[in-house]
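Results of the structural survey
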Amino acid sequence: MGRSPGAHSTPAPEGTSAVPGLIPDLISGLPWPRWALIAVAVAAGVLTVSCLLCVICCCCRRRHHGHRKKPRDREAVGLSSPQGTTTSAHLVQPDVDSLEGGPQHWGRLQLSLEYDFGSQEVRVGLKQATDLRAWGPGSTADPYARVSLSTQAGHRHETKVHRDTLCPMFQETCCFHVPQEELSQTTLQVQVLSFKRFSAHEPLGELSLPLGTVDLHHVLEHWYQLGPPGTVEPEAWGELCFLLQYMPSSGRLTVVVLEARGLSPGLADPYVKVQLMLNQRKWKKRRTSSRRGTASPYFNEAFSFLVPFSQIQSVDLVLAVWARGPQFRAECVGKVLLGARASGQPLQHWADMLAHARRPVAQWHHLQLPGEVDRALALKPRLRLPLPGS
């Protein structure tokens, strides 16, 4: 009944489950030609060899990196400090509290101090600063120094701005009248700030030096370590923003009073007086309208003055903020002096206007006490400024 085995087939040996003719039968049963089968076998062999080579290469790389792991770790620790005690996280963002004790963290300032017992004046010589700390992108600043005394509110001296440097050379001297019996209670305060034309100036460091601890019988010149910003109380007389433009061809000086801020809330109806002085005498004056119910008034009022090119070095521009006080009487809140008699930021603003003729230059200014500005007009010598085209 069943089909008899072929003549070429042989019985399988006992104890085995393999069929001797299975693989040849499967190959012979495939519909592919013999050359295609050979090509598939060769491709499979190449793929297998490639996989084996990749596995061997990965193992060798792991072993190689494992041998160099310790030296790389030692190198990363060595970058942090010579002792290797700082972790890699401190390299990205140092701890400010741990660095404040560093000898040059906020920079250094070179000062000279002298007291004239005859005139009872303290002469402060601002020499230079080094290693100032800059914040933000670029790692640079436009530093200047502001000098004041703790016993003389409103009387201060500002140096000119030094552009794009962390080691400015000031080389400026200022004087303060201090009676000899008040020296022990007086503290010299020096602030180093970075100039910003349209925003608050960035503090870089401060120095508070009690004069009672200094021997003023001799001229002293020392380097002092600057402390962190914020130790000196800011002066709160307000600020005024205005624009200057000078046209040499027509001799037209334009002043645009923009706005004020930080005025005392107890003042009412603030307005601004603009005075042009020639040879220490009032020459021309204008005033803005009053602004009610605000300590940050916005004016945006323009005034023009005819100032010949030959007289621009002889004029002084004074902007004064006035308001009604608690007794409903108009009083001067503060003034800003510009011109050849000015100093600090006002002098820089005036010089920028002359250096960039026909271009409007706007800037914020801190208000000074009226008495200080009046004293500056009467006592300070004129400073010759470069004129455009000269």
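Procedures and definitions
- Residues numbered from 1 in each chain as written.
- Predicted model: local features only at pLDDT ≥ 70, side-chain atom pairs only at ≥ 80, totals over all residues.
- Heavy atoms only, no water.
- Helix = DSSP H or I, 4+ residues; strand = E, 2+ residues; numbered from the N terminus.
- Contact = heavy atoms within 4.5 Å.
- Expected span 1.5 Å × (residues − 1).
- Buried < 20%, exposed > 50% of the residue type's maximum accessible area, 1.4 Å probe, protein only.
- Pairing = 2+ DSSP bridges.
- Axes fitted to C-alpha atoms, helices over the stretch in contact; angles between N-to-C directions.
- Patch = residues over 30% accessible without salt bridge, like charges linked within 9 Å, V, L, I, M, F, W, Y side chains within 5 Å.
- Areas by Shrake-Rupley, 256 points an atom, 1.4 Å probe, with all protein chains shown as cover.
- Salt bridge = Lys/Arg side-chain N within 4 Å of Asp/Glu carboxyl O.

1. Things to note about the environment of Ala-330
Relative to the assigned elements, Ala-330 resides in strand S15 (residues 330–339). The spatial distance from the C-alpha of Ala-330 to the C-alpha of Pro-270 is 9.1 Å, given a sequence separation of 60 residues. The residues touching Ala-330, leaving out its near neighbours within four places in the chain, are Tyr-271, Trp-322, Ala-323 and Arg-324.

2. A closer look at helix H5 (residues 344–355)
The terminal C-alpha atoms of H5, which comprises 12 residues, lie 16 Å apart, in line with the 16 Å expected from a rise of 1.5 Å per residue. With 10 of its 12 residues buried, H5 lies for the most part within the structure.

3. Looking at the sheet that holds strand S5 (residues 169–177)
Read across the open sheet, the 4 strands follow the order S5-S2-S1-S8; overall the sheet is antiparallel. Every other strand in the sheet has two partners, leaving S5 and strand S8 (220–225) as the edge strands with one partner each. For this sheet, the mean angle separating the axes of adjacent strands, direction not counted, is 25°. Sheet analysis places strand S1 (residues 108–116) next to strand S2 (residues 121–130), joined by 9 bridges and oriented antiparallel. Directly across from Leu-109, in S2, lies its bridge partner Ala-129.

4. Points about a nonpolar patch on the surface
Where nonpolar side chains cluster on the molecular surface, the patch consists of Ile-38, Val-42 and Val-46 and spans about 280 Å² of accessible area. Relative to the helices and strands, Val-46 resides in helix H2 (residues 34–80).

5. With respect to the pattern of salt bridges
Tallied over the full model, the rule gives 9 salt bridges. Among the salt bridges present, the one from Glu-158 reaches Arg-146, with a minimum N-O distance of 3.1 Å. With Glu-158 in strand S4 (residues 152–158) and Arg-146 in strand S3 (residues 143–149), this pair connects stretches of sequence that are 12 residues apart. Look at Arg-146 and you get buried, because its relative accessible area is 9%. Close ionic contact of Arg-324 with Asp-269 constitutes a salt bridge, the shortest N to O distance being 2.4 Å. Of this pair, Arg-324 sits in strand S14 (residues 315–324) while Asp-269 sits in strand S11 (residues 268–278), placing them 55 residues apart in sequence. Residue Asp-269 is classed as buried on the basis of its relative accessible area, which comes to 11%. Taken together, the salt bridges that share partners define one network made up of Asp-142, Arg-163 and Asp-352.

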